[in-house]
Amino acid sequence: MSHQNRYHVIKDPVHGTMQFTDIEDKWVKPFINSPHFQRLRHIKQLGMGDYIFPGSVHTRFNHSIGCCYVGRQVGHKIGLADEERQLTMIACLLHDLGHGPFSHTFEDLFQQKLIRHEDWTPFFLADYRSEIFFEDYNRHNPRYTLTEAKFSQVEAMIMHKPMAKRVLADIVSSQLDADRLDYLLRDSHFCGVAYGHYDFPWLLHCLAIVDSGQGERLGITYKGIGAVEHYLMARRLMIRNIYYSYKKLALEYLLVRLLSQLASVIDQAPYAELKKTRLGILLDRVNAFNLALAGTTVSKTLKQDFLRDCYPLYKELCDYDVLALIKQLAEGNDDSIITAIAKRLHHRQIPKIVGLDGVDMVELETRIREFKVKNKIRIEDWQLAVIKTPHQSYTAEGDPILVLNEYGQAKPLDEISLMIHAISDKYEQAGFLCIDRAIMADKSVEALVKSISAQGLKAGIVL
């Protein structure tokens, strides 16, 4: 049996038997076995999602391998050359390297989310750019060697940099990319819901290279319109019901408040010992970064200096660092904010949720601020928060999904699909009031909740 026809198999609950040829296995195995990629085993895909959906303990590691497999299938379907498929599969595999503990939640530590996981990715990728790694890789792949120039193409796909062949980047990052094609199915499966299901085999069958007039792009044939409609509505439902689950977001809000509060006092007793840990050192630097940012309009230099200086700490962190910290803090006996929040997280004491659909958010935020000032002696700031969740399911303006019609012409999906036209470029406004249950018995809080609920009912919303 030739190497090309020999398969390496990974059993997966989402895609079933994921098969990679012997050659393809050698393309990705050196990266899978690297410390950076193995770190993703310890970062959950959905942050604190498993506190609400107990089965969602899957990780960025699972998803990244699934994404690589989907990228492989897409590459075969649209007829990519071997070398193009190799680089695309590597890019799909490494696209989430930059995530920190609890995935997107960690980004909220930074003012206005100024530092996101994508900002760390070039530092992780740079660690692969060594003569030792390339030599070892090429020893296993003499026919498909990896060079600095080729690895730069991998980085370009991941980091949205200009590429001569844009269709390759589309497989890694677009509105029809391998990332979304995998995580919708994977997250739906592990959460135990049907929202993210769509007809992946048929959608894959209908993928095609489409001439956009400005180069070749990844699109679909007209036979796949129904499958793409299904896929986009699956994404909408997953956003509304899973990714923006109110209880999940409420717990993640508490996690961010805990870490931010700790960062601001980590030099003080009894927390000074925590500053000796990787997470403690990083939190101290995050606090300094946020304070420095507040006093300047020049943020680019500050940002790059922070990323460079903190990368050695960040690359070693995972969920376990944060979970161990929460457990340690929850064992405290004092009446500090830090101990109070840690206990709620450790014992899964979910805040009271009051839905705000149909409520005037600007007016409500003003009202909540005034309420906090008036009741600041009895109610602490973290115990009452308005959390907004605006979201978009599909963007038609700028970079739409293209459909190849019966006559070989490329048309934007929203011009063909009435359903997609209805949701294109529209923000769905939603949000909720997050209330610590320890203050729910307060008469003023009871009155506030009743008033807000009545406002929602008048707008025709059942809270």
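Residues numbered from 1 in each chain as written. Predicted model: local features only at pLDDT ≥ 70, side-chain atom pairs only at ≥ 80, totals over all residues. Heavy atoms only, no water.

Chemist: Please explain helix 13 (residues 278-294) as it appears in this structure.
Modeler: Each turn of an α-helix holds 3.6 residues, which means side chains three or four residues apart point in the same direction. Its 17 residues place the ends of helix 13 25 Å apart at the C-alpha level, agreeing with the 24 Å of an ideal helix rising 1.5 Å per residue. The complete set of buried residues in helix 13 reads Leu279, Gly280, Leu282, Leu283, Asp284, Val286, Asn287, Phe289, Asn290 and Leu293. Where helix 13 is buried, its residues meet helix 12 (246-265), helix 14 (300-314) and helix 15 (319-330). (Helix = DSSP H or I, 4+ residues; strand = E, 2+ residues; numbered from the N terminus. Expected span 1.5 Å × (residues − 1). Buried < 20%, exposed > 50% of the residue type's maximum accessible area, 1.4 Å probe, protein only. Contact = heavy atoms within 4.5 Å.)

Chemist: Hey, could you run me through the environment of valine 265 in this one?
Modeler: Secondary-structure assignment places valine 265 in helix 12. Given the relative accessible area of 16%, valine 265 is considered buried. Considered as a pair, valine 265 and leucine 283 are 18 residues apart in the sequence and their alpha carbons are 10.0 Å apart. Here valine 265 is in contact with Tyr271 and Ile338, once residues within four sequence places are set aside.

Chemist: Got a minute to help me understand the pairing of strand 11 (residues 431-435) in this structure?
Modeler: The two faces of a sheet get side chains in turn, since along a regular strand they alternate between them. Here strand 11 lies mainly inside the structure; five of its five residues are buried. Taken together, the four bridges between strand 5 (residues 352-355) and strand 11 define a ladder with antiparallel strand orientation. Counterpart to glycine 355 in the pairing with strand 11 is phenylalanine 432. Looking at chain direction, strand 6 (residues 384-388) and strand 11 are connected through five bridges and run antiparallel. Opposite isoleucine 387, over in strand 11, you have phenylalanine 432 as the bridge partner. (Pairing = 2+ DSSP bridges.)

So far we have only geometry, and geometry alone does not tell us how the molecule works.
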